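One letter stands for each residue in the lines below.
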Amino acid sequence: MRQNPSFTLADVDEIRRIVDANPWATIVSNGPDGLVSSHYVVLLDEDRDDLTIVGHVGRPDDLIHGMGERELLVVFQGPHGYISPGWYGDVQAVPTWNYTAVHLAGIPEILDDEENLAVLDRLVDRFEGWMPDPRRMWERPNDPAFVTRLASGTVGFRLTPTRVVAKRKLSQNKPAETVNAVIEALESGGPYTHPELAAEMRRARDARADATR
């Protein structure tokens, strides 16, 4: 991802927030047969306060990606959406797309069976916990044999990135009144309504304001 100083996101806490809120990631590697990508849920390592992530892939994706042997690129996509030039007022402008993205790259560590089970358990708890009647991984009708058999078809990993590129392109290069107009447009209905993107823009706007005080 090409970086632009105006849109650089370097705050680790903000990057962690984006990763945590957007766990459906794209995993990319360059193997003997060329580029390959997969899509999996990836979480921050709860035992670390940096950008280390944990996850799993299904077999044989571990072999396809050379898991543990070569570099992976893990891409997280935050809220994104179309920005109409009509929202800028009576000025020369063209359409654009606002977005937030995080790229983490490094060679992952392969988890042992016990660690992999712990990550799978945490994944289930993270998302099933929102259900009115959660179905936890170790609860009936599942039994240990069933869980262990399913887990054996996965390979867990931990990745502490050696390269991080995070970008928040949210109209920071526009005047404050234009940014406010875009936020209002994203919240006011119409074909490109996107309150989540508006919230990200407001967050970036407020962070800039705080930094200049």
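Look up: the structure comes first, before these words.
Read on for an overview of the structure.

The rules we used
Position numbers for residues count from 1 along each chain, tracking the sequence in the order it is written. With the structure being a predicted model, the display of local features is reserved for residues of pLDDT at least 70 and the display and counting of side-chain atom pairs for 80 or more, all residues being used for whole-chain, interface and lining totals. Side-chain measures here rest on the full set of heavy atoms in the structure, leaving out hydrogens and waters. Starting at the N terminus, helices and strands are each numbered in turn, a helix being any DSSP run of H or I of at least four residues and a strand any DSSP run of E of at least two. As used in this structure description, the phrase polar contact means that two N or O atoms lie within 3.5 Å; if the pair is within protein, one of them must be able to donate a hydrogen and the other to accept it, and residues adjacent in sequence are counted only when both atoms belong to side chains. The contact criterion used throughout is that any non-hydrogen atoms of two residues lie within 4.5 Å. Buried, partly exposed and exposed residues are distinguished by accessible area as a fraction of the type maximum, computed with a 1.4 Å probe on protein chains only: under 20%, between the cut-offs, and over 50%, respectively. Here is the rule: rings of Phe, Tyr and Trp (six-membered ring for Trp) pair when centre to centre is within 6.5 Å. Planes less than 30 degrees apart are stacked, more than 60 are edge-to-face, and the remainder are tilted. Here, a charge over a ring is recorded when the distance from Lys NZ or Arg CZ to the ring centre is within 6 Å and its angle to the ring normal is within 35 degrees.

Points about the side chain of threonine 154
At step 1: Here threonine 154 is to be found in strand S7 (residues 154–159).
At step 2: Engagement of the side chain of threonine 154 in a polar contact is seen with the side chain of asparagine 116, the distance being 2.9 Å.
At step 3: Leaving out residues up to four positions away in the same chain, threonine 154 has contacts with His56, Val57, Gly58, Arg59, Asn116 and Leu120.

Here's the deal with the side chain of histidine 103
At step 1: Structurally, histidine 103 can be placed in strand S5 (residues 96–106).
At step 2: Take histidine 103: its relative accessible area is 15%, and that puts it in the buried class.
At step 3: The residues touching histidine 103, leaving out its near neighbours within four places in the chain, are Met1, Leu73, Val74, Val75, Arg163, Val164 and Val165.

A word on the packing of aromatic side chains
At step 1: This model, assessed by the stated rule, comprises two aromatic pairs.
At step 2: Seen in terms of ring centroids, tyrosine 82 and tryptophan 97 are 6.2 Å apart; in terms of plane orientation they differ by 65 degrees. Their pairing is edge-to-face. One end of the pair, tyrosine 82, is in strand S4 (residues 72–83); the other, tryptophan 97, is in strand S5, and 15 residues separate them in sequence.
At step 3: With a relative accessible area of 21%, tyrosine 82 lands in the partly exposed category.
At step 4: Tryptophan 97 gets classed as partly exposed once you look at its relative accessible area, which sits at 42%.
At step 5: Summarising the aromatic geometry, the rings of tyrosine 82 and tyrosine 192 are spaced 4.5 Å apart at their centres and angled 40 degrees between planes, so their arrangement reads as tilted. Of the two residues, tyrosine 82 is situated in strand S4 and tyrosine 192 in the loop between helix H5 (176–187) and helix H6 (195–211); the sequence distance between them amounts to 110 residues.
At step 6: Relative accessible area serves as the criterion here: at 41%, tyrosine 192 is assigned to the partly exposed category.
At step 7: Above the plane of the ring of phenylalanine 7 lies lysine 169, whose end atom (NZ or CZ) is 6.0 Å from the centre.

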